[in-house]
Amino acid sequence: MASSLRITRKQRQEMDKTELFNDAEGMDVVGPTTPVPLDLGDVILKLHPGDGVPPPDGVTTGTSGVSERPSTSGWSETEPYILGLGSDQETNPRFSVGTSGMVTPGTAFPPFDPRFSFTSTLGTIEDYNLPIDKDRKKRVVVLGSGDFGLALITRLVHANYSVVVASRNPNRTRERVTAAGGIIMTQAEALQQSNLVILAIPFPHVSSLPLSALRSKILIDVSNRDPKTYNSTERSQAEHLQALVPSATVVKAFNVLSAYSLSKGIRGSKEVPVCSDDNLARLLVCGIVKDLGLEPLDRGSLRNAREVEGIPFIFFREWKFAFIVSIIIWFIAFFIILFEWQLCNNLRNLHKPNGTFDWSSFDNVAKSNLSISCSSTAITLLAICYLPGVIAAYVQLARGTKYSEFPRWLNRWLKARKQLGLLMLFNAFIHVLCQLSDSGGYGLGHSSYNWRRPTFIACGILAFTMAGVLGLASLPSVGTSMTWREFSFLQSRLGWFTLLLAAFHIIFNVWDGLVTPNFTCYIPSISQFVIVMPVLTLVLKLPLLLPCVDNALTRIRQGFERIPTPPSV
C-alpha cells in the first residue's frame, strides 16, 4: 500500500537542478522543463488543479479524486486527480513516462504553470480504484446488516453505489438487505467483490471474521467503544483492527453518525472525521463521505482515532462552564430573596413576645421567588457575556498587540459567551412566563402607575425581545446566512443596547431602593446586588468608545503592534 515519500537533502539538490521540485516538504511540481529520473519503485502522481482551471487534455476526475473512466461531474476545482505511472499514461499530453523511469514534460504542460501542482506517493494506483459493476457503479462491500449497516447501505445505494453485503446467514437477512437495495452474499463470496470493506459490526465480533480474506484491503471501521470503559489514552479500536490485519489499510470513519441520522436525515453537524495512516486511502474515503452528502474532516493518522472514537461520548462539554456559572448565580439570587422575603421577618417575630412563624409568607415561593431569581440571573448573565470582551480589549491595549495569548481563565470565559447568552435567554423566558401567569400583575394602564412603572415594563419587553433576536442569530442555521457585518451588528451593537435596556428595567423599577440604604436584616436588596454587574460592564465600556482609544484598539486588532521605546543611554 502507499506510504508518504520523503526526499533526502542530496536528492533535493539534484531535483532543484531540474526546477521540478520546489517544495521543502515533498515533491511539489509546477511546470517541469526537463526530464527527471524517478528510480523509486512504483510511484503515484496527483495533479492538483487551481481555481477556475478548465479540464486538462485527457484528464478527468470523479468526486472521490480516483477514477478509471470519464466522469459526468467534470473537472473538480478542489480535489486532486491521481495519475498512475504506467503504460496507460505514456501518451498523456501533460507528461510521459519512459521505460528508464524518466518523467518527461508533455507539450500540454507549459513551464511553471501556476494553475497545477504535482505531489507523489509510493504505491500502485490499482489499490485505490473501486471496482465498477456492469451498470458503471462503484462497488463496495459492507460487513454487517444491523440497524446501522442497513442505514449505511441505503445511503450508499442512494449515492449510486453498488453495495454487496456479506452475511454469515444470507437467507435470514436477504429480505431486509434487498429492501435496502443491497446484494446479499456469503462472507467468502462478498469479500472477493471489492477492495474496500466497511465493517459495520460490533467490534468484539471482528476477531470471528475471516481475517485472511481482509488482507490488502481498505477497511473502514465504524465501531465505537463502550462508554463505561472508554479511555482516550488507550489504543483505539481502529488501531486494534490494524494490528489484527497488518497488511490491510484501516480507515476510521462514520462512527460519529447514528442509524437514525443516516436513515432520517442528518440533524446537527454533517462533519465526518476520517483517520488513516494512508493518505490515498483517506482521500478515497473522503470522496465516499462527500458522495453521501456529508462533509469529510481529515483528522490525519490512525492514532487520532483515539479522539475520534470519543466524540460520540461528549456530553455538553462546551456548556459545562456556562451551566456552573448560571446555577451559582441563580442559587445566590434565590437564597437572598428567600432570606429577605420569607426568613428575615419570621426570625424577627420569633424574638418578640408571643411571636409566631408565619408560614403563609412561603405561599408565593414557587412563583414570585422563582420569577425574580430567573430575572436576576438573566440580567447578570447578559452582563457577563459582554464583560470578558471588555477585559480582553484592555489586555490588548496594555500589551499593544493581539498576538499574545489571553490568560487561560479569560480565554475560557470568552469561548463560553454563546452558551451564557442562551442560558440568559432561558432564564428571561421563565421570568416572563411567571409574570404573565400572575393574574394580579402589573399592566401598562394601571391607575396607580406613575411614569416610571410603564417605562420599567417597556424596557423589560424591549430587552426580552432583543435578547430573543440575539438568541436566534446565534443559531448556526441563521448565523451562516448573514454577512459578517450583519452578525457583528446584532451581537455587538444590539447586544449592548439590550444590556442598557435591562439595566434601565431595574433602575426604573426600584429607583429609590438603589440610591438609598435599603437593608433587610443587614443585607442589601436583590436589586442592589443585580445592578452591580450591568453597571460595571457599561462603565468599563465607556472609555473604549473614546475616538483615541477606539482607534488604537482597531489598529491593534488589524495586526499593528506597539513597539516599546528603547531606554535612552
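To be clear, the structure that these remarks concern was listed above.
Residues numbered from 1 in each chain as written. Predicted model: local features only at pLDDT ≥ 70, side-chain atom pairs only at ≥ 80, totals over all residues. Heavy atoms only, no water.

Caption draft 1: Main features of the nonpolar core. Formed by 53 residues in total, the largest nonpolar core has its most connected members in Leu 381, Ile 384 and Leu 420. The residues contacting Ile 384, other than those within four sequence positions of it, are Val 325, Ile 329, Trp 413, Leu 420 and Met 533. (Core = buried A, V, L, I, M, F, W, Y, C linked by side-chain atoms within 4.5 Å. Buried < 20%, exposed > 50% of the residue type's maximum accessible area, 1.4 Å probe, protein only. Contact = heavy atoms within 4.5 Å.)

Caption draft 2: Fine view of the packing of helix H15 (residues 484-509) against helix H18 (residues 532-541). H18 packs onto H15 with a crossing angle of 135° between their chain directions and a minimal axis gap of 10 Å. With respect to H18, the axis of H15 lies oblique. Judged by the twist between their axes, the crossing of H15 over H18 is left-handed. Residues Trp 496, Leu 499, Leu 500 and Ala 503 of H15 lie in contact with H18, whose contacting residues are Pro 534, Thr 537, Leu 538 and Lys 541. Of the residues belonging to the contact of H15 with H18, the class tally is 6 nonpolar, 1 polar and 1 charged. (Axes fitted to C-alpha atoms, helices over the stretch in contact; angles between N-to-C directions. Helix = DSSP H or I, 4+ residues; strand = E, 2+ residues; numbered from the N terminus. Parallel < 35°, antiparallel > 145°, perpendicular 65-115°, else oblique. Left-handed = near helix turned anticlockwise from the far one by under 90°. Nonpolar A, V, L, I, M, F, W, Y, C, P; charged D, E, K, R; others polar.)

Caption draft 3: Representation of the pattern of salt bridges within the structure. A complete count under the given rule lists 6 salt bridges for this structure. Across the salt bridge formed by Asp 221 and Lys 252, the nearest N and O atoms sit 2.8 Å from each other. In this pair, Asp 221 sits in strand S14 (residues 218-221) while Lys 252 sits in strand S15 (residues 249-252), placing the two residues 31 residues apart along the sequence. Accessibility classification places Asp 221 together with Lys 252 in one group, the buried group. Among the ionic pairs, Arg 299 bridges to Glu 307, the shortest N-O distance being 3.0 Å. For Arg 299, a relative accessible area of 25% puts it in the partly exposed group. One network of salt bridges, with partners in common, ties together Asp 221, Arg 225, Lys 252 and Glu 309. (Salt bridge = Lys/Arg side-chain N within 4 Å of Asp/Glu carboxyl O.)

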